[in-house]
Amino acid sequence: MPKKFYVTTPIYYPSGNLHIGHAYTTTLADILNRYKQTKGYETFFLTGSDEHGQKIEEKAKEANQEPMVYLEDKIANFKTLWEKLDIKYSKFIRTTDDYHEQTVKKIFTTLLEKGLIFKGDYEGLYCVSCEEFLNADQITEDGNCKISGGKPQLVKEDTYFLKTSAFQDFATKVLTSDFLLPEYRRNEMLKNFVEPGIKDLSVTRTTFKWGIPIDQDPSHVVYVWIDALSNYITALGYDQNDDSLFKKFWQDPETEILQLAGKEIIRFHAIYWPIMLEGLGLRQPNHLLGHGWILSKDTKMSKSLGNVIDPIALIDEFGADALRFYIANDLPTDKDGNFTMDLFTESFNAHLANNIGNLISRTNNMITKYFDGHLGDDLNLVDKIMLDEANKSIEKFELLMDQYKISEAIRVVLDLGQTTNKYIEDKAPWNLEKEGKLEELKVVMITLQRMISIISFLLSPILVKNSEIMLEQCGLKTDSLNFDNIKTFENIKFNKLGEKAVIFQRIK
Ligand code: MSP
């Protein structure tokens, strides 16, 4: 039986178009999903849109449209972006999908019947942009939300509460396990939200209508976060007629479940979501990978702050792989990162054009010139030292990717690229040819071809389109390599080099 992997992104608010901050989370999920597929896992990759709540209701009103009409274009734009960015999700969930709405009602009822939800009233400051009641430490001295910068509204209303306060010990246990990554985020959560005492969470609202009404009291709609978090299981068919995907990708303890979330929503995913699952008697995900923000001029890139960069324009000009590479390589998940056109250009030129692109074009030119593009595939004619070096890189790459450390894993491959470029300088194949040392020349060229194949294969989850071109140019079928044969190249046949294509041309 193949191993299984379930990966999810947060579902995005369609209150505007997506920017590269959103593309960041989804690209990381797509890369990990593709990596697991190359390791032979059966995978399921979920993304979608979070369509209820006060913010969407207000945006639709501003546009003078019914919410569902307002949403149509926005969702079409989401899907266009994912397609352009080569995001291959298994399912796109909308929280307005009927099956989701019906299941959220059932989840609410189950928790109510278990005594984990009760009725009360609530007074607090609510940030519409974040769809969240704010604690004192989430508010600036001038009374604004620290994250969105907006003025919170004073809300006083009847509400149902989820008895999250009863799960203090449980939340502590979750946050002292290896569930939340990176590790330093665990302490942050414990210190800021658990140790001061978890307060019961208000889970319904009455002052707006755009949400899922509860059967027991239809003037209440389910609070957007409870509705939204449930998507991770409703999408798989939880509590529905056909729950085979849910059984396979959630309940099976053998399935590795990874959820991704940006730092401002880690709290919901690391405290409230595990409590909801526990309340429902369901298993927990293996890991939550929390990541930092993409900053633009030192502040979070966000629609409400108006400093966003449009990913579509970047993809149209430089291709999806260039953006995927910048996200994966230059924006490690354990801290905030910057996006500027200068940084983007610098990284592309240094790593993709000068290192990888140059290596491929030099090597392929020499194979064409000296061997008419075909080296044969005698396995013995390989430089053992270089092959050992490559095998060590493969092992390191796998180890890091298995810990979701994508940018460190890419570093290993880029280093191998540099070592290989240096190998060309050291061996100076042009001299070997001049001196008539053709056997030696062949060993060098076969070795180079192997190295490039390995590099192309390892980078394939990131460079979706270019890795195919790179492998074809090596004379390989794109699906001929896998983690079983990559170290020995057993039974792999190199054909004549594919048609030459210029890849990773320097950005001027
Ligand atoms: N709808 C909620 C999530 C519900 S999940 C059950 C939400 N939506 S969002 O559209 O505001 O944000 C979705 C994700 O995008 C979050 O993980 C957030 O951190 C990420 N990003 C939004 N702007 C970002 C940056 N500037 N940089 C990196 N990621 C950021 O929250």
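Definitions and cut-offs
Residues numbered from 1 in each chain as written. Predicted model: local features only at pLDDT ≥ 70, side-chain atom pairs only at ≥ 80, totals over all residues. Heavy atoms only, no water. Buried < 20%, exposed > 50% of the residue type's maximum accessible area, 1.4 Å probe, protein only. Helix = DSSP H or I, 4+ residues; strand = E, 2+ residues; numbered from the N terminus. Arc of directions from axis to C-beta. Contact = heavy atoms within 4.5 Å. Polar contact = N/O pair within 3.5 Å; in protein donor to acceptor, adjacent residues only side chain to side chain. Pairing = 2+ DSSP bridges. Right-handed = clockwise from strand over helix to strand, strands pointing away. Near = heavy atom within 4 Å. Nonpolar A, V, L, I, M, F, W, Y, C, P; charged D, E, K, R; others polar. Salt bridge = Lys/Arg side-chain N within 4 Å of Asp/Glu carboxyl O. Phe/Tyr/Trp six-rings, centres within 6.5 Å; stacked < 30°, edge-to-face > 60°. Lys NZ or Arg CZ within 6 Å of the ring centre and 35° of its normal.

Draft legend 1. Representation of helix α11 (residues 311-318) in the model. Within the span of α11, buried status applies to Pro311, Leu314 and Ile315. Down the axis, α11 shows its buried residues gathered within 95° of arc, on one side only. Turned more than 90 degrees from where α11 packs its buried face, Asp316 and Glu317 sit exposed. Those residues of α11 that are buried lie in contact with α1 (20-38), α3 (67-84), α12 (320-330) and α13 (341-371). Where α11 begins, the capping side chain belongs to Asp310, and its oxygen is found 2.9 Å from the backbone nitrogen of Ile312. Downstream of α11 by a residue or two, Gly319 has a phi angle that is positive, lying close to 90°.

Draft legend 2. How the structure looks around the pairing of strand β2 (residues 42-49). Among the eight residues that make up β2, seven are buried, leaving the element largely enclosed by the rest of the structure. Inspection of the sheet shows strand β1 (residues 4-8) paired to β2 by five bridges, in the parallel sense. Bridge assignment links Val7 to a residue of β2, and that residue is Phe45. For the crossover from β1 across α1 to β2, the handedness is right-handed. Relative to strand β3 (residues 91-94), β2 runs parallel, the two being bridged by four bridges.

Draft legend 3. Region of interest: the site of the ligand. Surrounding the ligand, one finds 25 residues, the nearest of these being Ile11, Asp50, Gly262, Ile294 and Met301. Every element with two or more residues in the shell around the ligand is listed here: α1, α7 (224-229) and β11 (256-262). Sort the elements by how many residues they give to the shell around the ligand and α1 lands first, with four residues. Here the shell around the ligand is built from residues that sort into 14 nonpolar, eight polar and three charged.

Draft legend 4. Spatial organisation of the side chain of Thr8. You can see Thr8 is positioned in strand β1. Thr8 gets classed as buried once you look at its relative accessible area, which sits at 0%. The residues touching Thr8, leaving out its near neighbours within four places in the chain, are Leu46, Tyr232, Leu258, Gln259 and Leu260.

Draft legend 5. Inspection of the pattern of salt bridges at higher detail. Across all of its chains, the model carries 25 salt bridges by this definition. With a shortest N-O distance of 3.1 Å, Lys36 and Glu256 are connected by a salt bridge. A residue pair is termed long-range when its members are at least 10 positions apart, and Lys36 in helix α1 and Glu256 in strand β11 qualify at 220 residues. For the pair formed by Lys36 and Glu256, the shared burial category is buried. Between Glu425 and Arg362 there is a salt bridge, with the nearest N and O atoms lying 2.1 Å from each other. One end of the pair, Glu425, is in helix α15 (residues 406-427); the other, Arg362, is in helix α13, with 63 residues separating them in the sequence. Overlapping salt bridges, with partners in common, bring together Asp30, Arg34 and Arg324 in one network.

Draft legend 6. View of the sheet that holds β2. Taken together, six strands build an open sheet; the order of strands is β3-β2-β1-β11-β12-β7 and the sheet is parallel. Pairing within the sheet leaves two strands with one partner each, and these edge strands are β3 and β7 (180-181).

Draft legend 7. Just the packing of aromatic side chains, in detail. The tally for this structure, following the rule as stated, stands at 25 aromatic pairs. Measuring from centroid to centroid gives 5.8 Å for Tyr89 and Phe92, while their planes differ by 55°, and the two rings are tilted. Looking at Phe92, the relative accessible area reads 11%, which means it is buried. Their ring planes at 80° and their centres at 6.2 Å tell us that Phe167 and Phe170 sit as a pair that is edge-to-face. Judged by its relative accessible area of 11%, Phe167 falls in the buried class. An aromatic cluster of at least three residues, connected via ring pairs, comprises Tyr6, Phe44, Tyr232, Phe249, Trp250 and Trp273. In this structure, Arg205 packs its charged tip against the face of Tyr126, placed 4.2 Å from the ring centre. Positioned above the aromatic ring of Trp293, the side-chain terminus of Lys300 is 5.1 Å from the ring centre.

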